[in-house]
Amino acid sequence: MPIERVKTGIPGLDEVLHGGIPRRNVVLLSGGPGTGKSIFGQQYLYNGLKAGENGVLVALEEHPVQIRINMSQFGWHIREYEEQHRFAIVDAFTGGIGEAAKRERYVVRDPTDIPLLIDIVRTAVKENDAQRVVIDSVSTLYITKPSIARGVVLQLKRVLSGLGCTSILISQVSVTERGFGGPGVEHAADGIIRLDLDEAEGRLWRSMIVWKMRGTSHSMQRHPFDITDKGIIVYHDKTLRISRGVVEG
Ligand SMILES: Nc1ncnc2c1ncn2[C@@H]1O[C@H](COP(=O)(O)OP(=O)(O)OP(=O)(O)O)[C@@H](O)[C@H]1O
Ligand SMILES: [Mg+2]
C-alpha cells in the first residue's frame, strides 16, 4: 500500500521529496540565520490551509503580530482562518505581556515550562483540528539546557505524531556549524531538511538538502532555491555545486 503523504505545496519541494512528507513524520528543519526557515514553515502551513488542512504555529522567536504582518507580505492572509478556528498561533513569545498579547487565544506564560507548553500545543491542535504543526524554533526550548534537547524533541514527537499531525520543528544552527542541532534531536527526528547560505563569487547562494526522510526515498542532491515575494521556490531539476569558491552547474 502506498504511504500517505502530505504535500508541502512549496514549488519544487514535493518533487525533491518524491511526493511529499510521509504523514505523521516529525521533520527537523535546520539552518543558520536568515536561511529561510521561518518562511518555509509559514508557507507549509498556509499551503495546508489552502488544501483544507488546518494548522498550528508555535511562536517562540517572534511576536505573533509580527508573524501575521510577515506572512501577509507574501500574500498569506491567516486572519480569516484564525477566526474560523482552522489556524492558530500559540504565543510562546510575549509571556502574556502587552496589550497585543491579551488578544491571543493561546498564550504560554512560561516557555521554559515544557509540560505547560506541550499541554497548550495539544489543546490548540485539538481545538483547531490541526493536521500541520510548526514550532519556530525548538532550539529556543533547550538553548540554555542542551541536555534536555533529545527528551523535549521525543516528547513533542510522541504528542504531535499521536495527534496525527505532520510537523516541522525549526532548529537553529550557527553559521559555521555542520550539524542540524545536536545528536539527540537529529536521531529523534523522522526527517531532516537543511537550508544553507553560502558565499561565493561575491554573493550568497541559497540551497537545501534533504538529509533524511523516514518512509520515503528522496533526492540526494543539493538544490538551489530562491525566496521571492511569493515565498520559497526550489529548483528540483538543478544541483548547486560550489568548489573552491566557484559555483558550477
Ligand atoms: N519578500 C522577500 N523576498 C525575498 N527575500 C526575502 C523576502 N523577505 C525575506 N526575505 C529573505 O528571507 C530572509 C529571512 O528568512 P527567515 O526569516 O525565514 O529566516 P530564518 O531562517 O527563520 O532566520 P532566523 O534563524 O534568524 O530566524 C531574509 O534575510 C531575506 O534574505
Ligand atoms: Mg526564523
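As shown above, the structure is provided for reference.
The text that follows walks through the structure, step by step, so that each part is easy to find.

About the cut-offs
Residues numbered from 1 in each chain as written. Chains lettered and ligands numbered in written order. Predicted model: local features only at pLDDT ≥ 70, side-chain atom pairs only at ≥ 80, totals over all residues. Helix = DSSP H or I, 4+ residues; strand = E, 2+ residues; numbered from the N terminus. Rg over C-alpha atoms; globule rule 2.2 N^0.38 Å. Buried ≥ 20, exposed ≤ 12 C-beta atoms within 10 Å, placed from the backbone. Near = placed C-beta within 6 Å. Nonpolar A, V, L, I, M, F, W, Y, C, P; charged D, E, K, R; others polar. Pairing = 2+ DSSP bridges. Contact = placed C-beta atoms within 7 Å. Expected span 1.5 Å × (residues − 1). Arc of directions from axis to C-beta.

**Things to note about the overall build of the protein**
Thinking step 1. A count of helical and extended segments in the protein gives eight helices and 14 strands.
Thinking step 2. In summary, the protein has a C-alpha radius of gyration of 17 Å against a globular reference of 18 Å for 249 residues, a match within 12%.
Thinking step 3. Its C-alpha atoms give the protein principal-axis dimensions of roughly 50 × 40 × 40 Å.
Thinking step 4. Here the protein, with 249 residues, has 43% of them falling under the buried criterion.

**Some words on the site of ligand 1**
Thinking step 1. The environment of ligand 1 is formed by 13 residues, the closest being Gly34, Lys37, Ser38, Ile39 and Ile227.
Thinking step 2. Examining the composition of the shell around ligand 1, we find that three residues originate from one element, helix H2 (residues 37–50), more than from any other.
Thinking step 3. Among the residues forming the shell around ligand 1, the class breakdown is three nonpolar, seven polar and three charged.

**A short note on the sheet that holds strand S3 (residues 26–31)**
Picture the strands of a sheet paired through backbone hydrogen bonds; they go either parallel or antiparallel.
Thinking step 1. Within the open sheet, the ten strands sit side by side as S6-S5-S4-S7-S8-S3-S9-S10-S11-S12. Their pairing is mixed. Each edge of the sheet is formed by a strand with only one pairing partner; in this case those strands are strand S6 (106–107) and strand S12 (231–234).
Thinking step 2. Bridge analysis of S3 against strand S8 (residues 166–172) gives six bridges, and the strand direction is parallel. If you follow Val26 over to S8, its bridge partner there is Ser167.

**Comments concerning the environment of Val121**
Thinking step 1. Assignment of secondary structure puts Val121 in helix H5 (residues 114–127).
Thinking step 2. Take Val121: there are 26 C-beta atoms within 10 Å of it, and that puts it in the buried class.
Thinking step 3. Taking the C-alpha atoms as reference points, Val121 and Arg222, 101 residues apart in sequence, are found 33 Å from one another.
Thinking step 4. Among all residues touching Val121, those that are not within four sequence positions of it are Val56, Val58 and Val90.

**Considering H5**
Thinking step 1. The end-to-end C-alpha distance of H5, which contains 14 residues, comes to 20 Å, matching closely the 20 Å that a straight helix rising 1.5 Å per residue would cover.
Thinking step 2. Among the residues making up H5, those that are buried are Leu117, Ile120, Val121, Ala124 and Val125. One side of H5 carries all its buried residues, which in axial view fall inside an arc of 140°. Residues of H5 that are exposed and point more than 90 degrees away from the buried face comprise Pro115 and Lys126.
Thinking step 3. Positioned one or two residues after H5, Asp129 has a phi angle of 50°, which is positive.

**Looking at the environment of Ser72**
Thinking step 1. Along the polypeptide, Ser72 turns up in helix H3 (residues 64–73).
Thinking step 2. Overall, the presence of 12 C-beta atoms within 10 Å leaves Ser72 in the exposed class.
Thinking step 3. Expressed as a C-alpha distance, the spacing of Ser72 and Val153, which sit 81 residues apart in the sequence, is 30 Å.

**With respect to the environment of Gly96**
Thinking step 1. With respect to the helices, strands and loops of the structure, Gly96 is situated in the loop between strand S5 (87–91) and S6.
Thinking step 2. Classification of Gly96 by C-beta neighbours within 10 Å gives partly exposed; the count is 13.
Thinking step 3. With 147 residues separating them in the primary sequence, Gly96 and Ser243 have C-alpha atoms 48 Å apart.
Thinking step 4. The residues contacting Gly96, other than those within four sequence positions of it, are Ala101, Val107 and Arg109.

**As for the pairing of strand S11 (residues 223–228)**
Thinking step 1. Note that strand S10 (residues 203–213) and S11 share two bridges and pair antiparallel. In the sheet register, Ser207 faces S11, and the bridge partner there is Pro224.
Thinking step 2. Sheet topology note: the S11/S12 ladder contains four bridges and is antiparallel. Looking at the pairing, Ile227 lines up with Ile232 of S12.
Thinking step 3. Count of turn residues in the S11/S12 antiparallel hairpin: two residues.

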